[in-house]
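# Summary of the model geometry
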Amino acid sequence: MKHTKRIATAVALTASMFLVSACSSDATPDTTQNVADGKTIVNKENWPEKTPTSGLTKNLALPLEAYMASYEDQVAVEQASNDLQQSCMKDYGIDLTLPRAGANPPPSDNDANIERRYGITDRDDAEKYGYQLSPALQEHTEQPLRDLSGVEVEVLTGHTKPEPPQAPKGVKAGEPFAGPGQGIKPARAEHNGKKLKTGGCIGWSKDQLGAKEADPIIVAQLSGDSLMQSMKDGEVIKVLAAWSSCMDGKGHAGLADPYKAMDQGVTNDGKPTQESIALAVDDIDCKEQTDLVKIWSGVDSAIQDKQIAENKSQLAGIKKQRGIEIAAARKQIAASQ
């Protein structure tokens, strides 16, 4: 059960933990170049589909996805925020270039992580990569931010720059060590004759977009709960047993569910082996033979329909607030182009 809970939590919160980076919201791939190495910083061709277009989850969407922010929406809000912060800093005589969002896309469009919610589901990918992500999704584009001076941090954040951590006793001067920075204090009142904004330029950018502090993972938590509940359903238990029997017949004994197969198939170095590819292909074939994805997602969807009914007011508020922020973000991006 601990294993199952860990998997369900990871599935539900995967997209929430990605740091989105910025891009425009039109359909043309962004080909902004990194001057240092000539590589494309943001390439929309690597972004996840809003709804899967291949594999066993093709055209599949769960009810709670209507309340989740898409990756495109996330990067739009992040880009607009970055644009506003840069403009705000310039008003104080500070040139600051923030990283572009959208440079390092996640494997799934939103917190449902539908492509791997029930284990891997795309046979073409399995034949090439086993349980690993495609090489494009394993790459990471670095966009280093220059070290900000104390006053720059104050203008940006509304508080002082944290003091460097003190070296633990016994650590010699110059030796590396890890430790938390010291406390922060409210920022100075003004810079270059201009009063600092409440919360700095970051706080101001949120105000401009109508952003409100809210629980960002409530929908993801409901999604994780529905997955956990679905695994206790009789239909799902039965289809998991059928899948496990199918896998046993292909020489993969002792796999109670697709998550165990993923644990077994993922390689430490990120490179698929012939064995992991064979396991992945058999895994998907057994899912197809038993109709696992259709049955499991059907139960999952029914549970989510009930969750939505029970949390109607809160979810409607989240959706409305997100719509306000996204509309403001797209308006800001259009104005800055």
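What counts as what
- Residues numbered from 1 in each chain as written.
- Predicted model: local features only at pLDDT ≥ 70, side-chain atom pairs only at ≥ 80, totals over all residues.
- Heavy atoms only, no water.
- Helix = DSSP H or I, 4+ residues; strand = E, 2+ residues; numbered from the N terminus.
- Buried < 20%, exposed > 50% of the residue type's maximum accessible area, 1.4 Å probe, protein only.
- Contact = heavy atoms within 4.5 Å.
- Areas by Shrake-Rupley, 256 points an atom, 1.4 Å probe, with all protein chains shown as cover.
- Phe/Tyr/Trp six-rings, centres within 6.5 Å; stacked < 30°, edge-to-face > 60°.
- Lys NZ or Arg CZ within 6 Å of the ring centre and 35° of its normal.
- 1 Å grid on protein atoms, 1.4 Å probe; cavity = no way out; pocket = protein on both sides within 12 Å on 5 of 7 lines; lining within 4 Å.
- Points joined across faces, edges and corners; volume = space filled by probe spheres on them.
- Nonpolar A, V, L, I, M, F, W, Y, C, P; charged D, E, K, R; others polar.
- Core = buried A, V, L, I, M, F, W, Y, C linked by side-chain atoms within 4.5 Å.
- Axes fitted to C-alpha atoms, helices over the stretch in contact; angles between N-to-C directions.
- Parallel < 35°, antiparallel > 145°, perpendicular 65-115°, else oblique.
- Salt bridge = Lys/Arg side-chain N within 4 Å of Asp/Glu carboxyl O.
- Polar contact = N/O pair within 3.5 Å; in protein donor to acceptor, adjacent residues only side chain to side chain.

## Here's the deal with the overall build of the protein
- Within the protein, the secondary structure is distributed over 13 helices and 2 strands.
- Burial status across the protein gives 43% buried among its 337 residues.
- Considering only contacts within the protein whose residues lie at least 6 apart along the sequence, 76% involve residues at least 24 apart.
- When the accessible surface of the protein is split by element, carbon and sulfur atoms take 52% of a total near 18300 Å².

## Concerning the packing of aromatic side chains
- Under the defined criterion, the tally for this structure stands at 3 aromatic pairs.
- Joined through ring pairs, the aromatic side chains of Y118, Y259 and W296 make up one cluster.
- It is K194 that lies over the ring of Y92; its NZ or CZ is 5.1 Å from the centre.
- One cation-aromatic arrangement involves K319 over Y67; the distance from NZ or CZ to the ring centre is 5.3 Å.

## Thoughts on the side chain of S70
- One can find S70 in the loop between α1 (2-13) and α2 (71-91).
- Ignoring sequence-local partners within four residues, the contact set of S70 consists of K50 and D109.

## Examining the layout of surface pockets
- Size it by volume and the second largest pocket reaches roughly 670 Å³.
- Forming the boundary of the second largest pocket are 27 residues, of which P107, E115, D122, D125 and L137 lie nearest the centre.
- Broken down by secondary-structure element, the contributors of at least two residues to the lining of the second largest pocket are α3 (114-117), α4 (123-129) and α5 (135-138).
- With 3 residues, the top contributor of residues to the lining of the second largest pocket is α4.
- Looking at the lining of the second largest pocket residue by residue, the classes come out as 11 nonpolar, 10 polar and 6 charged.

## With respect to the nonpolar core
- Y118, Y131, W243, L292 and W296 are the most contacted members of the largest nonpolar core, which totals 29 residues.
- For this core, the secondary structure elements donating two or more residues are α9 (234-249), α10 (258-265), α11 (274-290) and α12 (292-310).
- Here this core takes 6 residues from α9, the largest share from any one element.
- Ranked by size, the runner-up nonpolar core spans 13 residues in total, among them L96, L156, L196 and C201.

## Thoughts on empty space enclosed by the protein
- Summed over all chains, the structure comprises 1 cavity of 30 Å³ or more.
- As for the largest cavity, its lining consists of E49, K50, P52, E65, S108, D109, N110, I114 and E115.
- Its residues placed into classes, the lining of the largest cavity shows 2 nonpolar, 2 polar and 5 charged.

## Section: the packing of helix α6 (residues 150-157) against helix α7 (residues 200-208)
- Running from N to C, α6 and α7 cross one another at 20°; their axes reach a closest spacing of 2 Å. Judged on the interaxial angle alone, α7 and α6 are roughly parallel. Contacts between α6 and α7 pair V155, L156 and T157 from the former with G200, C201 and I202 from the latter.
- The residue inventory of the contact of α6 with α7, partitioned by class, reads 4 nonpolar, 2 polar and no charged.

## Comments concerning the environment of A126
- Structurally, A126 is set in helix α4.
- Residue classification places A126 among the buried residues on the basis of a relative accessible area of 1%.
- Along the chain, A126 and D282 lie 156 residues apart, while their C-alpha atoms are 9.4 Å from each other.

## Observations concerning the pattern of salt bridges
- All told, the structure shown has 9 salt bridges when counted by the stated rule.
- A salt bridge links D73 to R330, with the shortest nitrogen-to-oxygen separation between them at 2.6 Å. Pair noted here: D73 is in helix α2 and R330 is in helix α13 (residues 312-336), with a separation of 257 residues, a long-range link.
- The exposure class assigned to D73 is buried, which follows from its relative accessible area of 15%.
- Given a relative accessible area of 26%, R330 falls into the partly exposed group.
- For R146, the salt bridge is made with E152, and the minimal N-O distance between the two is 2.9 Å.
- Under the relative-accessibility criterion, R146 is labelled partly exposed at 37%.
- Of the residues examined, E152 reaches a relative accessible area of 12% and is grouped as buried.

## What about the side chain of K287?
- Residue position: K287 is located in helix α11.
- Residue K287 is classed as buried on the basis of its relative accessible area, which comes to 1%.
- Only 2.6 Å separates the side chain of K287 from the side chain of D283, close enough to count as a polar contact.
- Those residues in contact with K287, other than ones at most four positions away along the chain, are L56, Y118, G119, I120, W243, P258, L292 and V293.

Remember, this is a structural readout, not a statement about activity or role.
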